[in-house]
Amino acid sequence: MCSSDLVELGFKGLLADRIEYTAAVYDIDWSDIQIRSSCSPLALLCTVTGGDATVKGFEAEITAAVSESLRVIGGYTYTDATLDKATGSLEGLAENGARLPGSAKHAGNLAAVYTSQLDSGLSLELTASLSYAGKRKTDVQSLEIDRKSTRLNSSHLVISYAV
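This one's a predicted model, so the numbers in the text were calculated from it and none came from an experiment.

Visitor: Requested: an account of the confidence of the model for the chain, with residues and values cited.
Guide: Per-residue pLDDT for the chain averages 81, and the proportion of residues at 70 or more is 77%. Note on residues 143-153: pLDDT is under 50 here. Beyond four places in sequence and across chains, it has 28 contacts.

See below:
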């Protein structure tokens with residue numbers, strides 16, 4: 001049965017009534033972790049169980065009130081997620097010490113939010129945002145010892161807006 005032990009230390013605060021911040025470091029030890037994998041020649045996905053893993057990281061976010069109407073929000077996450085010991089279904093498929101699928105080492109976001117009160121009493125909120133996630137493995141098959149066959153999702157940047 002999958003289980004984990006989590007240790008997290010964080011803090012949050014407010015500076016000059018305009019800047020909110022939060023940060024945390026964490027360490028998660030998994031036993032019998034469940035990982036997504038391709039289970040057939042048709043690339044159908046399934047979940048395989050087996051192995052111990054460690055996820056260590058840091059995350060931070062800052063929200064700054066630039067004016068009464070404009071907020072800017074930025075965040076960053078560093079994640080080191082590794083398979084410590086392949087057992088059960090993962091034995092022979094996964095290399096000890098490999099990065100876990102779906103985990104990007106670096107991720108971040110930046111957003112601007114503009115809020116305005118309309119004469120009707122309703123409020124209008126405009127949001128523009130960027131988000132980034134670094135390279136990450138797609139499934140357990142990309143943890144194979146043969147590094148030439150390793151598949152990575154490339155880094156990506158998403159730009160979005162909302163009204």
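Read on for the rest.
Visitor: Any details on the pairing of strand S2 (residues 19-31)? Residues and values, ideally.
Guide: Side-chain direction in a regular strand flips from residue to residue, so the side chains alternate between the two faces of the sheet. As judged from the 13 bridges shared by strand S1 (residues 3-15) and S2, these two strands associate in the antiparallel manner. Note that in S2 the partner of Gly-13 across the bridge is Tyr-21. Here 12 bridges tie S2 to strand S5 (residues 52-65), and the two strands are oriented antiparallel to one another. When the bridges of S5 are listed, Ala-23 appears paired with Ala-60.

Visitor: Can you tell me about the side chain of Thr-79, naming the residues and giving the values?
Guide: Relative to the helices and strands, Thr-79 is located in strand S6 (residues 70-85). Here the side chain of Thr-79 touches Tyr-26 through a polar contact of 3.2 Å, side chain to side chain. Once you skip the residues sitting within four places of it in the chain, Thr-79 turns out to touch Tyr-26, Val-55, Lys-56, Gly-57, Ala-104 and Lys-105.

Criteria and thresholds
Numbering of residues begins from 1 in every chain and follows the order in which that chain's sequence is written. For this predicted model, a pLDDT threshold of at least 70 governs which residues receive local features, and a threshold of 80 or more governs which side-chain atom pairs are given and counted, while totals over whole chains, interfaces and linings are taken from all residues. Computation of side-chain values: all heavy atoms of the structure, hydrogens and water removed. A residue's pLDDT is simply how confident the predictor is in it, with values from 0 to 100. Contacts are assigned to residue pairs with any non-hydrogen atoms lying within 4.5 Å of each other. For two strands to be treated as a pair, DSSP must find at least two bridges joining them. Runs of E in the DSSP output that reach at least two residues are strands. Runs of H or I that reach at least four are helices, and both are numbered from the N terminus. By the criterion applied in these results, polar contacts are pairs of N or O atoms within 3.5 Å in which, for protein atoms, one can donate a hydrogen and the other can accept it, and in which residues neighboring in sequence qualify only through two side-chain atoms.

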